[in-house]
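# Coordinates in review
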Amino acid sequence: MKSLPNILTGSRLVMALFMFVAFAAAAGAVPYFSNRLEPDAQFALQRWAVYAFVVAAVTDFFDGWLARKLHAESVWGAILDPIGDKVLVCGAILGLMSLGPQPMVVLPAGLILFREFTVSALREVGAGKGVKLPVTLLAKWKTTLQLTALAMELIVAAWGAFSLPDGTAFRAGFEVAAHGLFWLAALVTLITGVQYWEQTRKALADQPSAP
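This report concerns the structure included in the present document. (Residues numbered from 1 in each chain as written. Predicted model: local features only at pLDDT ≥ 70, side-chain atom pairs only at ≥ 80, totals over all residues. Heavy atoms only, no water.)

Our next topic: the packing of aromatic side chains. Counted under the stated rule, the structure contains five aromatic pairs. Residues W48 and Y51 carry aromatic rings whose centres are separated by 5.5 Å and whose planes lie at 90° to one another, so their mutual orientation is edge-to-face. Remark: Y51 and W48 occur in helix α2 (residues 39–69); sequence separation between them is three residues, near one turn of the helix. Y51 gets classed as partly exposed once you look at its relative accessible area, which sits at 38%. On the numbers, 6.1 Å between centres and 45° between planes, the contact of F170 with F174 is tilted. With a gap of four residues between them, F170 and F174 both fall in helix α6 (residues 169–206), about one helical turn apart. Feature note: the residues W48, Y51 and F162 constitute an aromatic cluster, connected by ring pairs. Directly above the aromatic system of Y32 lies the positively charged group of R36, at a separation of 3.8 Å from the ring centroid. (Phe/Tyr/Trp six-rings, centres within 6.5 Å; stacked < 30°, edge-to-face > 60°. Helix = DSSP H or I, 4+ residues; strand = E, 2+ residues; numbered from the N terminus. Buried < 20%, exposed > 50% of the residue type's maximum accessible area, 1.4 Å probe, protein only. Lys NZ or Arg CZ within 6 Å of the ring centre and 35° of its normal.)

Moving on to the nonpolar core. One finds M19, F53, L88, I93, L150, L154 and F182 to be the most contacted residues of the largest nonpolar core, which totals 35 residues. Broken down by secondary-structure element, the contributors of at least two residues to this core are α1 (4–26), α2, α3 (75–98), α4 (103–128), α5 (137–157) and α6. With residues up to four places along the chain from it excluded, the contact list for L154 reads F23, V50, F53, A92, L96 and L99. Counting five residues, the second-largest nonpolar core is a separate cluster that includes M152, W159, F174 and A178. (Core = buried A, V, L, I, M, F, W, Y, C linked by side-chain atoms within 4.5 Å. Contact = heavy atoms within 4.5 Å.)

Side chains of L137, L138, W141, L184, L187 and I191 sit close together on the surface and give an oily, nonpolar patch of about 590 Å² of accessible area. Listing elements by their share of the nonpolar patch, those giving two or more residues are α5 and α6. (Patch = residues over 30% accessible without salt bridge, like charges linked within 9 Å, V, L, I, M, F, W, Y side chains within 5 Å. Areas by Shrake-Rupley, 256 points an atom, 1.4 Å probe, with all protein chains shown as cover. Salt bridge = Lys/Arg side-chain N within 4 Å of Asp/Glu carboxyl O.)

Take the side chain of Q46 next. Position of Q46 relative to the elements: it lies in helix α2. Beyond its immediate stretch of four places on either side in the chain, Q46 contacts F23, A26, L99, A158 and A161.

With that settled, the discussion passes to unusual backbone geometry. Notably, Y32 is not glycine yet its phi reads approximately 70°, a positive angle. By secondary structure assignment, the location of Y32 is in the loop between α1 and α2. Since its relative accessible area comes to 59%, Y32 is described here as exposed. Even without a glycine there, the phi angle at S163 is positive, about 55°. For S163, the location among the structural elements is in the loop between α5 and α6. According to the relative accessible area criterion, S163 is exposed, its value standing at 68%.

The next thing to look at is α4. End to end, α4 covers 39 Å across 26 residues, agreeing with the expected 38 Å (1.5 Å per residue, within 8%). Immediately downstream of α4, the backbone of G130 shows phi near 80°, a positive value. (Expected span 1.5 Å × (residues − 1).)

Glancing now at the packing of α4 against α6. If you want to describe how two helices pack, look at the angle between their axes and the distance between the axes. Taken N-terminus to C-terminus, the directions of α4 and α6 make an angle of 25°; their axes are 9 Å apart at the nearest point. Classified by the angle between their axes, α4 and α6 sit roughly parallel to one another. When the axes of α4 and α6 are compared, the crossing they make is left-handed. Between α4, through M104, V105, L107, P108, A109, L111, I112, R115, E116, V119, L122 and R123, and α6, the contact on the second element is made entirely by H179, F182, W183, A186, T189, L190, T192, G193, Y196, W197 and T200. Partitioning the contact of α4 with α6 into residue classes produces 15 nonpolar, five polar and three charged. (Axes fitted to C-alpha atoms, helices over the stretch in contact; angles between N-to-C directions. Parallel < 35°, antiparallel > 145°, perpendicular 65-115°, else oblique. Left-handed = near helix turned anticlockwise from the far one by under 90°. Nonpolar A, V, L, I, M, F, W, Y, C, P; charged D, E, K, R; others polar.)

Worth remembering: the numbers are spatial, not functional.
This is the structure in structure tokens:
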């Protein structure tokens, strides 16, 4: 039972990879395979990619909760969990971009990617200097916002795959809500990035200089 949290975390990585490949295949980017897909198969791939993302996002909550509940925190879990989150978010953004031109999501998506890679670099540099960057409460909310907003954006981009009514007030309202939440997620993402930057800067500044 104590290995269950790590299994969930590992499954998040597998589902993130499946999601990205499915979106890429539906977009015609997988050689040999994509050329043989009928429209119905493309829509099916888009649906399953969205389902995989939603299930993977849910595991992000349950693996941490189970680890605490079962007292099964581990070094591997601490390593894999943030990697799983970043792979899922980055894979979803790339998959979203593969579904076609979406001017309203390009800027926030780019800012999120910029922040994620920058913070990963800060953690790596800080670890080499013995500096740890604990996850803040706002950063946890950031991940929730990102995953929720991305799920909504993926549904908007793959709207036809779900046979949802087009040209309706429901579609327009859902799209506005998705874009608004995605921009909010990007804003919170940048704020947490600045917080981590300041933590790293202060921690490195407080270290004694080498003789």
